[in-house]
Amino acid sequence: MALMITDECINCDVCEPECPNNAISQGAEIYEIDPNKCTECVGHYDEPQCQQVCPVDCIPLNPERVESKDQLMDKFLKLTAQK
């Protein structure tokens, strides 16, 4: 499942450069995660890097985007054109 950024975001700017898929961008008020690009860092790292650096823990799993590890890996492969 993709991750999401909640209203607790303080716009600290630390998550965006950590995303290997460029899925994080500045939204109208807070940072946002493009669920079509988010692989929870599957294929890149063992844990989501944005969650690791977030000082306010405002990046939970998005319950509206449930994906298995296999689906996340498929998305990673498509995003990196390794398929």
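Here the structure is shown first, and the text comes after it.
Calculation notes
- Residues numbered from 1 in each chain as written.
- Predicted model: local features only at pLDDT ≥ 70, side-chain atom pairs only at ≥ 80, totals over all residues.
- Heavy atoms only, no water.
- Core = buried A, V, L, I, M, F, W, Y, C linked by side-chain atoms within 4.5 Å.
- Buried < 20%, exposed > 50% of the residue type's maximum accessible area, 1.4 Å probe, protein only.
- Contact = heavy atoms within 4.5 Å.
- Salt bridge = Lys/Arg side-chain N within 4 Å of Asp/Glu carboxyl O.
- Helix = DSSP H or I, 4+ residues; strand = E, 2+ residues; numbered from the N terminus.
- Arc of directions from axis to C-beta.

**Student:** Can you explain the nonpolar core? Please cite residues and give values.
**Tutor:** What tends to happen in soluble globular proteins is that the nonpolar side chains get buried as a cluster. Core analysis: the biggest nonpolar cluster contains 16 residues, and Ile 5, Cys 15, Ile 24, Ile 33 and Ile 59 have the highest contact counts within it. Ile 59 has contacts with Leu 3, Met 4, Ile 5, Cys 15, Ile 33, Cys 50, Gln 51 and Cys 54, leaving out every residue within four places of it along the chain.

**Student:** Describe in detail the pattern of salt bridges, supporting the description with residues and values.
**Tutor:** According to the stated counting rule, one finds one salt bridge in the structure shown. For the salt bridge of Lys 75 with Glu 67, the shortest nitrogen-to-oxygen distance reads 3.1 Å. Of the two residues, Lys 75 and Glu 67, both sit in the buried class.

**Student:** I'd like a description of unusual backbone geometry, backed by residues and values.
**Tutor:** With a phi angle near 75°, Asp 13 is a residue other than glycine that sits in the positive phi range. In this structure, Asp 13 sits in the segment before β1 (24–26). A relative accessible area of 44% means that Asp 13 is categorised as partly exposed. A positive phi is found at Glu 40, a non-glycine position, where the angle reads about 55°. For Glu 40, the position within the fold is in the loop between β2 (31–33) and α1 (49–53).

**Student:** Account for helix α2 (residues 69–79), naming residues and giving values.
**Tutor:** Here α2 has its buried residues at Leu 72, Lys 75 and Phe 76. Buried residues of α2, viewed axially, fall in a sector of 105°; they line one side. In α2, those exposed residues whose orientation departs by more than 90 degrees from the buried face are Asp 70 and Lys 78. Looking one or two residues beyond α2, the residue adopting positive phi is Ala 81, at roughly 55°.

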